[in-house]
Amino acid sequence: MSRIVQRTWDIETIGNWPPLVDEDTFWRCQSLLATNGEIVAKERNNPDFPLRGFAACGHCEKPLTGSWSHGKRRRYAYYHCPPNARCRKTNVPRHELETQFLSLLDRLKPRPGLLTLFRRIVLDVWKARHEDLAAKRAAAEKKLTDLKRRKDQLVEAFIFQKVIDEDTYKDQLDKLKESLALAEIDQHDQRSEELDLEAVLDFAEKVSLNASRLWLEANLEQRQRFQSFLFPEGLKLDGGEIRTPVTSSFYEELHHLTTPGERLVAHTGFEPVLPA
């Protein structure tokens, strides 16, 4: 769109004639002109640029940085290739990239019915596994009890009954202590497998249904951890657009639950493809 700018009267509005360049190109040029062609990046953990270092240029493969360009009356925020990359293929207004990212999060949102199915399958698998763990835990506790009983018998045989000599006692005691230590470790490992699966599933459901809102409401550190969890390999941009990202195992598992017919009519262009 064309623009009318009158600095003296502080007027900036849209004109009614065909523009010479598109609006995105115009603002990119304004950004470079305002800084003499130099874009100065700030520290990585800047809350103004939560996708800094997480999104990368699809051409130079370098993680994007972010900076503010100063015009005469406005400041413009951009994600762009780092200066040392000498690429400049990616230079995207902040609001455009973050809007794309939020749209991507919304597109990942699964149907509630799919989450119900996922919960049922996970609970069924966990129930079977938990029964196996319970058996292993009982076996570990029985072994520990038996070893303690044998230790008591050894002490009884040496101190009270005096049926074994001191060397035999010490040798057997050392072996029992080693076995007891290993049995206690095994028992601890079996107990550490326990978790509140219902709470975990509730949290996963909340995240999957409200990903974009949670990201918007989070602080910088939470955003960085959240987006890295959802997209463990980060994001790649090509022509200012987000490429197909690799999603977390949670979304991959949901993807496997969709039927072939649902996959054909679902959103395309990124994985996992989920039904609308």
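Refer to the preceding data block for the structure.
Reference entry: report on the structure contained in this document. Quick caveat, the model's predicted, so the values are computed rather than measured. (Residues numbered from 1 in each chain as written. Predicted model: local features only at pLDDT ≥ 70, side-chain atom pairs only at ≥ 80, totals over all residues. Heavy atoms only, no water.)

## Some points on the sheet that holds strand β4 (residues 65-70)
- The three strands are arranged β4-β5-β6 in an open sheet whose pairing can be described as antiparallel. Both edges of this open sheet fall to β4 and β6 (91-93), since each of them pairs with a single strand only. Looking at each pair of strands side by side, their axes are set apart by 35° on average, direction ignored.
- Alignment of β4 against strand β5 (residues 75-80), held across six bridges, turns out to be antiparallel. Looking across to β5, one finds that Thr65 is bridged to His80.
- Across the sheet, helix α2 (residues 94-107) touches β4, β5 and β6, and the angle it forms with β6 is around 80°. (Pairing = 2+ DSSP bridges. Helix = DSSP H or I, 4+ residues; strand = E, 2+ residues; numbered from the N terminus. Axes fitted to C-alpha atoms, helices over the stretch in contact; angles between N-to-C directions. Contact = heavy atoms within 4.5 Å.)

## A word on the environment of Ala204
- Its place among the elements puts Ala204 in helix α5 (residues 197-209).
- A C-alpha to C-alpha distance of 9.3 Å links Ala204 and Leu115, two positions 89 residues apart in sequence.

## Quick notes on empty space enclosed by the protein
- The tally for this structure, following the rule as stated, stands at one cavity of 30 Å³ or more.
- By volume, the largest cavity amounts to about 40 Å³.
- Around the largest cavity sit Leu115, Phe118, Arg119, Leu201, Ala204, Glu205 and Phe250, which together line it.
- Those elements that place two or more of their residues in the lining of the largest cavity are α3 (112-160) and α5.
- Here the residues of the lining of the largest cavity sort into five nonpolar, no polar and two charged. (1 Å grid on protein atoms, 1.4 Å probe; cavity = no way out; pocket = protein on both sides within 12 Å on 5 of 7 lines; lining within 4 Å. Points joined across faces, edges and corners; volume = space filled by probe spheres on them. Nonpolar A, V, L, I, M, F, W, Y, C, P; charged D, E, K, R; others polar.)

## What about the packing of aromatic side chains?
- Taken as a whole and judged by the stated rule, the model has six aromatic pairs.
- Between Phe49 and Trp68 the ring centres are 6.2 Å apart and the planes differ by 65°, which places this aromatic pair in the edge-to-face class. One end of the pair, Phe49, is in the loop between α1 (23-34) and β3 (55-57); the other, Trp68, is in strand β4, and 19 residues separate them in sequence. With respect to class, Phe49 is no different from Trp68; both count as buried.
- Within the aromatic cluster, the residues linked to one another by ring pairs are Phe54, Phe101, Trp215 and Phe231.
- Here the guanidinium or amino end of Arg75 rests over the ring plane of Trp68, the centre of that ring lying 4.2 Å away.
- A cation over a ring is seen here: Arg223 above Trp215, with NZ or CZ 4.2 Å from the ring centre. (Phe/Tyr/Trp six-rings, centres within 6.5 Å; stacked < 30°, edge-to-face > 60°. Buried < 20%, exposed > 50% of the residue type's maximum accessible area, 1.4 Å probe, protein only. Lys NZ or Arg CZ within 6 Å of the ring centre and 35° of its normal.)

## Notes on the packing of α3 against α5
- Running from amino to carboxyl end, α3 crosses α5 at an angle of 155°, the nearest separation of the two axes being 11 Å. The angle between the axes of α3 and α5 places the two elements in the roughly antiparallel class. Crossing of α3 against α5: the hand is right-handed. Contacts between α3 and α5 involve Leu115, Phe118, Arg119, Val122, Leu123 and Trp126 from the first element and Leu197, Glu198, Leu201, Asp202, Glu205, Ser208 and Leu209 from the second. (Parallel < 35°, antiparallel > 145°, perpendicular 65-115°, else oblique. Left-handed = near helix turned anticlockwise from the far one by under 90°.)

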